[in-house]
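In case you want the letters, here they are:
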Amino acid sequence: MDSGKFPDSFAWGAATAAYQIEGGWDADGKGPNVWDTFTHQGGDRVYKNQTGDVACGSYTLWEEDLKCIKQLGLTHYRFSLSWSRLLPDGTTGFINQKGINYYNKLIDSLLEMSVTPLVTLYHFDLPQPVEDQGGWLSEKTVEIFEQYAEFCYATFGDRIKHWITINEPYFASRLSYESGIFPPGKELIGTGAYRAAHNMIKAHAKAWHIYNTSFKNKQQGRVSIALDSDWAEPLDPNSLADKEGTERYMHFRLHWFANPIFIDGDYPEIMKSIISQKSKEEGLTCSRLPEFTEEEKAMIKGTADFFCLNYYTTRKVKTLSSETLPSKRYGNSDMGAEGITEPNWPIAGVEWLAVVPWGIRKLLAYIKHCFGNPEIFITENGFAQTDPPALQDVHRWGYFQETLMEVLKAIKQDGVNVKGYFAWSLLDNFEWSFGYSVRFGLFHVDFEQANLPRTPYYSANEYAKVVKGNELIYK
Ligand code: BGC
């Protein structure tokens, strides 16, 4: 198969996130968030100590973004709300009308263009005052998030019908509270990510429930969470140890969140037993993985109306023996396995991003199988270029094409219910720790010029053809 039509009314989109594109970090009453604090502290935790203070300037240049969306002919656009632009201290105690006005303009203009918005409530940018009260390590954040979600539904829900509560709780918990690469930079090895994730799952579930009970009838929208996952396969397909390691890898990566939300309200057995056993061996009186009460399990189960998948890459998995286990406890250590990149896989602009298009097809079929054949939106997928990037990114378009072909096979040959695809990202933007050195945009942004001009890459022009025809022609 080298071409094919996508299903009718397939959603074609691109995605962005507030901190990565908006700038205007203290404009019009916006409060500080953890990324403002982290980047302003310097300390070389971000490439060249760059910040999102200006980024793509979308807070003022949003009409330029709309032109890009129009040029691509997108049917959908995924963006996130800056929590602290709306609620400067994170709570509904003070509401910033100018923040509301900004998103109203954006949403209304999208709808006028017949572009359907998909809105993420939280994409890594926790308001600093919420972090100061313990952030995701604190149970209090569950309630604060629920109130924020309720406020957003009440304010924008007359027009927004697709909500994503939290983007990538896996990275949001691991990088912020365990490896310390993201703000608040906490290195709570072996505990931080589990505790943060525990509160994120509860916060998500509460936000789903408040929609379901107070808004759904009237607004007729749907709520989900964006889960990121690699696809994983055993390094040695004949090794039982590597096969078991792969199973653990998928559980510590995807099932950690997907099981509670899509299956039974609880963490996978495999995680519970491994972490509890290790905790015992470490002389702890209870497991480092927190437990949900029965009431919480019932509250969490079934709290997603569709499946949002962010897919970037695949890993080969090697089981680690007790001698090869890393001394630090995060990631590899509890899971007892390590994800490896095959040397022949091309790398797209940033060292972690091995290009493995067939991985998405396998992962989609796996999600269909494990989580009851849900409707799936691929809410992020993309390839980067390093700076300076080529406008004629022919190679990169090749990666997109191959990936879209695998998505098509998943739909047509494997019967996976994929409803849409969102390229990451609409624009080159602030790529977290990599600053502006890694460029994921379909549109190039010239960060050297004050007016931050957007120029389409070759990929953008080619993507527009796919969107227009609802068809991939791949030779
Ligand atoms: C995040 C984006 C990020 C992208 C590329 C995803 O993990 O949601 O914010 O820019 O990956 O690294």
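Description of the structure in this document. (Residues numbered from 1 in each chain as written. Predicted model: local features only at pLDDT ≥ 70, side-chain atom pairs only at ≥ 80, totals over all residues. Heavy atoms only, no water.)

What follows concerns the environment of Leu404. With respect to the element layout, Leu404 can be found in helix 16 (residues 394–412). The class for Leu404 is buried, based on a relative accessible area of 0%. Put simply, Leu404 and Val445 are 41 residues apart on the chain and 25 Å apart in space, counted from C-alpha to C-alpha. Every residue in contact with Leu404, bar those within four places of it in the chain, is listed here: Phe6, Trp12, Trp397, Tyr421, Val466 and Leu472. (Helix = DSSP H or I, 4+ residues; strand = E, 2+ residues; numbered from the N terminus. Buried < 20%, exposed > 50% of the residue type's maximum accessible area, 1.4 Å probe, protein only. Contact = heavy atoms within 4.5 Å.)

So, about the layout of surface pockets. Its volume calculated, the largest pocket comes out at about 1,200 Å³. Around the largest pocket, the lining is made up of 40 residues, and of these Tyr170, Phe171, Leu175, Arg253 and Trp352 lie nearest the centre. Taken together, the elements giving at least two residues each to the lining of the largest pocket come down to helix 8 (169–177), helix 11 (240–264), helix 14 (332–335) and strand 10 (337–340). The leading source of residues in the lining of the largest pocket is helix 8, at four residues. Of the residues assigned to the lining of the largest pocket, the class counts are 18 nonpolar, twelve polar and ten charged. Approximately 180 Å³ is the volume found for the second largest pocket. In terms of lining residues, the second largest pocket is bounded by Tyr47, Lys48, Gln50, Asp387, Tyr436, Ser437, Arg439, His444, Val445, Asp446, Phe447 and Glu448. (1 Å grid on protein atoms, 1.4 Å probe; cavity = no way out; pocket = protein on both sides within 12 Å on 5 of 7 lines; lining within 4 Å. Points joined across faces, edges and corners; volume = space filled by probe spheres on them. Nonpolar A, V, L, I, M, F, W, Y, C, P; charged D, E, K, R; others polar.)

By size, the foremost hydrophobic cluster in this structure holds 158 residues, and its most contacted members are Leu81 and Trp163. When residues in this core are grouped by element, the largest group, twelve residues, is from helix 9 (residues 192–214). The residues touching Trp163, leaving out its near neighbours within four places in the chain, are Leu81, Val119, Leu121, Cys152, Tyr153, Phe156, Gly157, Tyr211, Arg222, Val223, Ser224 and Phe306. (Core = buried A, V, L, I, M, F, W, Y, C linked by side-chain atoms within 4.5 Å.)

Okay, helix 17 (residues 458–469) next. Under the 1.5 Å per step criterion, the end-to-end length of helix 17 is 17 Å for twelve residues, consistent within 8% with the ideal 16 Å. Those residues of helix 17 lying buried are Ser459, Ala460, Glu462, Tyr463, Ala464, Val466 and Val467. The first or second residue beyond helix 17 is Asn470, which carries a positive phi of 50 degrees. (Expected span 1.5 Å × (residues − 1).)

The environment of the ligand is formed by Gln20, His123, Asn167, Glu168, Tyr312, Trp352, Glu380, Trp424, Glu431, Trp432 and Phe440. His123 has a polar side-chain atom sitting 2.8 Å from an oxygen atom of the ligand. One nitrogen or oxygen atom from the side chain of Glu380 is found 2.8 Å from an oxygen atom belonging to the ligand. Across the complex, the protein chains shield 94% of the 310 Å² of accessible surface that the ligand would expose by itself. Judged by its atoms lying within 2 Å of the grid points, the ligand is housed in the largest pocket. (Near = heavy atom within 4 Å. Polar contact = N/O pair within 3.5 Å; in protein donor to acceptor, adjacent residues only side chain to side chain. Areas by Shrake-Rupley, 256 points an atom, 1.4 Å probe, with all protein chains shown as cover. Sits in = over half its atoms within 2 Å of the grid points.)

A separate point is the sheet that holds strand 5 (residues 162–167). Around the barrel, which closes on itself, the eight strands sit in the order 2-3-4-5-6-8-11-13 with parallel pairing between neighbours. Averaged over all pairs of adjacent strands, the angle between strand axes in this sheet comes to 25 degrees, irrespective of strand direction. Bridge count between strand 5 and strand 6 (residues 222–228): four bridges; the pairing is parallel. Counted as the bridge partner of Trp163 is Val223 from strand 6. Each of strand 6 and strand 8 (307–310) is contacted by helix 11, which is oriented at about 160 degrees to strand 6, the strand it contacts most. Running over the sheet, helix 17 touches strand 2 (11–15) and strand 13 (418–424) and is turned about 150 degrees from strand 2. (Pairing = 2+ DSSP bridges. Axes fitted to C-alpha atoms, helices over the stretch in contact; angles between N-to-C directions.)

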